[in-house]
Protein chains: 2
Amino acid sequence: MNTADLGLPVDVPSTALFTDQYEFTMVQAALRGGTAERRSVFEVFTRRLPEGRRYGVVAGTGRLLDAVENFRFDAGVLGFLRERRIVDEPTLAWLSSYRFSGDIWGYPEGEVYFPGSPLLRVEGSFAECVLLETVILSILNHDSAIAAAASRMSSAAGGRRLIEMGARRTHELAAVASARAAYVGGFDSTSDLAAGFRYSIPTVGTSAHAFTLLHDSERDAFRAQVDSLGRGTTLLVDTYDVAEAVRTAVGIAGPGLGAVRIDSGDLLLVAHRVRQQLDELGARDTRITVTSDLDEYAIASLAAAPVDAYGVGTQLVTGSGHPTCSMVYKLVARATSASGPLVPVAKKSLGAKTSLGGRKWAARRADAEGVAEAEVVGTGPVPEVLVARQLLVPLVQGGEIVAREPLDAARDRHIAARAALPLSATQLSRGEPVLPTEYV
Amino acid sequence: MNTADLGLPVDVPSTALFTDQYEFTMVQAALRGGTAERRSVFEVFTRRLPEGRRYGVVAGTGRLLDAVENFRFDAGVLGFLRERRIVDEPTLAWLSSYRFSGDIWGYPEGEVYFPGSPLLRVEGSFAECVLLETVILSILNHDSAIAAAASRMSSAAGGRRLIEMGARRTHELAAVASARAAYVGGFDSTSDLAAGFRYSIPTVGTSAHAFTLLHDSERDAFRAQVDSLGRGTTLLVDTYDVAEAVRTAVGIAGPGLGAVRIDSGDLLLVAHRVRQQLDELGARDTRITVTSDLDEYAIASLAAAPVDAYGVGTQLVTGSGHPTCSMVYKLVARATSASGPLVPVAKKSLGAKTSLGGRKWAARRADAEGVAEAEVVGTGPVPEVLVARQLLVPLVQGGEIVAREPLDAARDRHIAARAALPLSATQLSRGEPVLPTEYV
């Protein structure tokens, strides 16, 4: 394939190389040793939430399903593996017909999670499952970190609108995934056109300081913008003097001006002044958007300010201090043949990195009022009372994806799942996970 | 274009949509207002380094040049912009023939930088330059953050080998860029096969705990691995008991065993014990690789341990506490026509976000011994003594890329540039930028 024609920034023709080399060498050794087809169960979980966080948010599931579907080996990829002598010929032959044929269960996208929650369970032969480790973790660790930050911000914003605008602060494709994860976490729109293109997320944006500076005066700039984009546009009013800019803006657009944006200064103070000035000028319906290194704490601190929308960049796409999750992908059970009984397995060495073996189920127990009170994780039969409250749903069955859904479904699910947590879940202050994890 | 055939996780057929919407609406308003063709100069710089850091590292330049080349509008992209009514028909017509035709100068990849360094200068019409803002910043902000962390880690490692293995902790394509940036910053190899495929970075990797757990015994697992990968392989020795694993490993592979890997526990203590045990078993040339949430401080703390290589994941791909840079892309000068004289411009509102107008040059002044002593930035003529020490080089001229280079050139440049800084540059402790920035 001539990837040069595509104009893509990374010329990788499938997801099969979003993989750590050891996954391939393990497949080679297992094929040769006769263990590659052993029936295996891998689980994704995290031993802890980021410090102080009260819940996690599963995001990236839809992307993960695409990645599993596209995990295949064309001639270019096989040629690379051969030329670099990463695996031997029998392994190349096995890879050339690779299609994941097993089952994947998982917490549905937007669901919340806690330490020990078995977020994803991948079942099949050892070889077919072990190859997916890195791409699955990349997607879940990144997207869930962004969604968790977005969720905190959307709690803090109350019902006010949130705009994702962090593309410039992260890798250009991580930006697209970030806009998607932010939407799952409760954001309303994005400035990133690629995210609008790929995931149909609503996009917004009007102008930057450069546009004002391009013109001979702020008046010229505002007039050009209103002439072209209409009175409903958002004028950026902090290039020179804010009060003068607001006067000019309403003078040009009239009281029907859509919005003004403030991108610097003491936002609390400036927003109050601008609101008062707009009201005095008769522009009572003109909205105020603020943008300037906001995070969930800054958003919360503006609760009493007359702000209509927040634009959030850096702190969103970097997970507000926690740019990744610590999810791992572990073999928890395997048979000694392709169909034999499963035996739980777990690493046993000293240190903190031990984990619980066995194929797990999970359910969220609720109290009499329907408020969640525990994350229950077990390896045996599911207690009758928890059967209907199980969290893992089938995502892939026999290699076929069975759980595609619109992004809005994940967003709605997240908002509902968060609402079912104890009230302290949305406290911004540092604390323990809002639900305990109980093992049965 | 049928992107479904590509198996790509993000179906964006060009870099043109790695863009914030306001860049398009600004182009529309400027086209209508007659200012789109005004000759303009944009510069990328940062007002500060991440807290406590002593220098920054320019990375991503090669990717940036690819992105500028691929910034074009096919029918799919234009159809999206039309259907979503993001811009009007005259703007779509203008975009359909878009090719960047201006000049880009920049610090070459791998060079170090300081607050105020004009890292990149983009010159052309306002419209053609303003469109590149987001994609340029995405690439530089991400890649430079990773390279800066990598550089600190490579200083701390002395001459020991560094393996990038963070793919699972970041977006799957950010991972590829991270492996590339880590290489620029001084790493030796990566576990990420996509990075090996795309950028020819050396790749490494052998096995994980899952491989040991797959087998009926550790002995079976080691034998299968050595049978398939040879005695030169790296055996992971901390699934159960480390001392027993080392004994088993040498028993199976003999004293010619390539390496052992330790992924948990007190690495300093365990490395000493394992070294002693290996030596006693006659495996004096068997190397020790350690991996386990390492950062530059952990690497430095293992300086006295008998460690041969470090594998670094999370802390590398998240920039060791600073996952992004704060680089901005600002209009610093523009003419009132396509060819008129440039007028410096700058935002003037209250608050910290002001910047210095005017088209800038930069040079690094050295003392008599050749050690750098200041980053000199100016807007007027370059003083004679600094002419030969200028930092900006031509990257794109009249729309043509003129500065493609192998990745090793950037890596070598970084190592040389870092070596020319005062010794305190590589102190890991927090401090001020190691060079002052002087404006003339």
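Residues numbered from 1 in each chain as written. Chains lettered and ligands numbered in written order. Predicted model: local features only at pLDDT ≥ 70, side-chain atom pairs only at ≥ 80, totals over all residues. Heavy atoms only, no water.

Per an unreviewed UniProt entry, chain A is named Nicotinate phosphoribosyltransferase, and its organism is Streptomyces clavuligerus. According to the UniProt record, the Pathway (unreviewed entry) comment for chain A is "Cofactor biosynthesis; NAD(+) biosynthesis; nicotinate D-ribonucleotide from nicotinate: step 1/1." Under the Function (unreviewed entry) heading, UniProt states for chain A: "Catalyzes the first step in the biosynthesis of NAD from nicotinic acid, the ATP-dependent synthesis of beta-nicotinate D-ribonucleotide from nicotinate and 5-phospho-D-ribose 1-phosphate." (UniProt positions renumbered as here; feature names shortened; annotations may be inferred.)

Novice: Hey, could you run me through the confidence of the model for chain A in this one?
Specialist: Close inspection of predicted coordinates is inappropriate in any region flagged by low pLDDT. All names here are of chain A. A residue-level look at chain A finds 96% of positions with pLDDT of 70 or above and a mean pLDDT of 94. A low-confidence stretch, residues 1-12 (pLDDT under 50), is modelled with 31 contacts involving residues beyond four sequence positions or located in other chains. ipTM for the predicted complex: 0.96, alongside a pTM of 0.96. (pLDDT = per-residue confidence, 0-100. Contact = heavy atoms within 4.5 Å.)

Novice: What's the story with helix H2 (residues 61-69) of chain A in this structure? I'm lost.
Specialist: Structurally, the α-helix is built with 3.6 residues per turn, so residues lying three or four positions apart point the same way. Of all 9 residues in H2(A), 7 are buried, a share of seventy percent or more. Where H2(A) is concerned, the buried positions are A:Thr61, A:Arg63, A:Leu64, A:Leu65, A:Asp66, A:Ala67 and A:Val68. (Buried < 20%, exposed > 50% of the residue type's maximum accessible area, 1.4 Å probe, protein only. Helix = DSSP H or I, 4+ residues; strand = E, 2+ residues; numbered from the N terminus.)

Novice: Quick question: what am I supposed to make of the sheet that holds strand S10 (residues 287-291) of chain A here?
Specialist: Within a sheet, each strand pairs with its neighbour through backbone hydrogen bonds, oriented either parallel or antiparallel. If you trace the 6 strands from one edge of the open sheet to the other, you get S7-S6-S11-S10-S9-S8 (chain A), paired in parallel fashion. Whereas interior strands pair on both sides, the edge strands pair on one side only; in this sheet they are strand S7 (189-190) and strand S8 (234-236) of chain A. (Pairing = 2+ DSSP bridges.)

Novice: Could you clarify how one ought to interpret the nonpolar core in this entry?
Specialist: Nonpolar side chains in soluble globular proteins generally cluster together in the buried interior. If you look at the biggest cluster of nonpolar residues, it comprises 157 residues, and the most contacted ones within it are A:Phe73, A:Leu81, B:Phe73 and B:Leu81. Shared between two domains, this core holds at least three residues of each, these being domain 1 (3-131 + 326-439) and domain 2 (147-321) of chain B. Not counting residues up to four positions away in its chain, the partners in contact with B:Leu81 are A:Leu193, B:Leu17, B:Phe24, B:Phe73, B:Ile86, B:Val87, B:Leu92 and B:Leu95. (Core = buried A, V, L, I, M, F, W, Y, C linked by side-chain atoms within 4.5 Å. Domains from an automatic or database assignment.)

Novice: Just checking my understanding: could you explain the relation of the copies chain B and chain A for this structure?
Specialist: Superposition of the two copies of the chain requires a rotation about an axis and a shift along the axis. In the superposition of chain B on chain A (RMSD 0.0 Å, axial shift 0.0 Å), the rotation amounts to 180°. Look at the turn and shift together and you get a two-fold axis relating the two. (Least-squares fit on C-alpha atoms with pLDDT ≥ 70 in both.)

Novice: I'm lost on the packing of helix H1 (residues 21-33) of chain A against helix H4 (residues 89-96) of chain A in this one. Help?
Specialist: The relative placement of two packed helices is expressed as an angle between their axes plus a distance between the axes. Residues and elements named next belong to chain A. Contact geometry for H1 and H4: axes closest at 9 Å, N-to-C directions at 105°. It follows from the interaxial angle that H1 and H4 lie roughly perpendicular. Here H1 contributes Phe24, Val27, Gln28 and Leu31 to the contact with H4, which in turn contributes Thr91, Trp94 and Leu95. (Axes fitted to C-alpha atoms, helices over the stretch in contact; angles between N-to-C directions. Parallel < 35°, antiparallel > 145°, perpendicular 65-115°, else oblique.)

Novice: Looking at this structure, I do not really get unusual backbone geometry. What am I missing?
Specialist: Peptide bonds are mostly trans, and most non-glycine residues show a negative phi. Residues other than glycine seldom take positive phi values, yet A:Ser320 does so here, at roughly 45°. Within the element layout of this structure, A:Ser320 appears in the loop between helix H14 (314-317) and strand S12 (327-334).

Novice: Could you clarify how one ought to interpret helix H10 (residues 218-229) of chain B in this entry?
Specialist: Helix length check: H10(B) (12 residues) gives 16 Å between terminal C-alpha atoms against 16 Å at 1.5 Å per residue, within 8%. Burial in H10(B) covers these residues: B:Glu218, B:Ala221, B:Phe222, B:Ala224, B:Gln225, B:Val226 and B:Ser228. Of the surrounding secondary structure, the elements contacted by the buried residues of H10(B) are H1 of chain A together with helix H9 (209-214), strand S8 (234-236) and helix H11 (242-253) of chain B. Directly after H10(B), the chain includes B:Gly230, whose backbone phi takes a positive value near 90°. (Expected span 1.5 Å × (residues − 1).)

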